[in-house]
Amino acid sequence: RFADEDSDFVSYLNLWRYLRDQRKELSGNAFRRMCRDEFLHYLRIREWQDLVGQLRGIARDMGIRESGEPADPAQVHTALLAGLLSHIGLRDEAKGRGAREFQGARNSRFVLAPGSVLTKRPPRWVVVAELVETSRLYGRIAARIQPETVERVAGDLVQRTYSEPHWDAQRGAVMAYERVTLYGLPLVPRRRVGYSQIEPELA
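Every value quoted in this text rests on a predicted model; they were computed, and no experiment measured them.

1. Considering the overall build of the protein
A tally of helices and strands in the protein yields five helices and eight strands. Its helices and strands taken in sequence order, the protein reads α-α-α-α-β-β-β-β-β-α-β-β-β from the N to the C terminus. For the protein, the C-alpha radius of gyration of 22 Å lies well beyond 17 Å, the compact-globule estimate for 203 residues. C-alpha extents for the protein along the principal axes are approximately 75 × 45 × 25 Å. For the protein, with 203 residues in total, the buried portion stands at 36%. In the protein, 32 side chains carry a positive charge and 27 a negative one; their mean positions are 5 Å apart.

2. Some points on the nonpolar core
Ile88, Val127, Val150, Leu182 and Leu187 are the most contacted members of the largest nonpolar core, which totals 18 residues. Of all the elements in the fold, those that place two or more residues in this core are strand E1 (88–91), strand E4 (125–133), helix H5 (147–154), strand E7 (173–182) and strand E8 (185–194). The element best represented in this core is E8, accounting for three residues. Residues Leu15, Leu19, Phe31 and Met34 belong to the second largest nonpolar core, which totals ten residues.

Rules and cut-offs
Residues numbered from 1 in each chain as written. Predicted model: local features only at pLDDT ≥ 70, side-chain atom pairs only at ≥ 80, totals over all residues. Heavy atoms only, no water. Helix = DSSP H or I, 4+ residues; strand = E, 2+ residues; numbered from the N terminus. Rg over C-alpha atoms; globule rule 2.2 N^0.38 Å. Buried < 20%, exposed > 50% of the residue type's maximum accessible area, 1.4 Å probe, protein only. Lys, Arg positive; Asp, Glu negative; His and termini not counted. Charge placed at Lys NZ, Arg CZ, Asp CG, Glu CD. Core = buried A, V, L, I, M, F, W, Y, C linked by side-chain atoms within 4.5 Å.

Everything listed here is a matter of coordinates, which is why it stays silent on function.
Quick look at the structure:
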C-alpha cells in the first residue's frame, strides 16, 4: 500500500509519512501495538527516527534549512543521484522489449532485485541504492530516472565527443553531433550542437 510505481525510494518516503502521522496521533504503547499489528519492526523504526533526527541536527548546524513543502519525487531522485552516479543503469534493449538486464557503470551488468516495484515493467533508465552480488549482480531499491537529469547532476564527470562537423546553410553555421557518456553509458547518443563553441578556428 505504500508502493510507488516509479520508485522504491518514494515507497519508503510514503511509509515514513504514514509512521509520522501515526506517531502524532497515537500514544507510545498504541504506536508500538500498531507496529506489531502491521508487521513493522518497532526498534528499526525507532532507529530510523533517531537517524533522521541526527541528520536534521547536523543539517541545522551547517545552516541548511528545511522548506515546509513536501519534496517532489524528481527532486528526491536528483539529490540521490549526486551520491549514486556509479549506480545508474540503462536497460539492454538489444535483448528485446522484455529485457530485464541493465548495463551499469564501467561495463557492469545487473538485474533489479525481485522486491522492487520496477521489476515487472523495468524502465529504460534506473538508479539503484546498492549493487549486491549473490548468484548474479542485483540492483536493490530502484527508481526510474531521466538521462537529462543524470547529465545535469554529473557535471564535469561526463565525457563529450564530437563528430561529423558540417555546414548548415539554414542556420548559417557549422554544426556537429555530440555524444555524452558517463562511465561508458550513453546519456545522449547523438545531439546536434553548434561547432563554433568547440573549435572556433576550424568552424
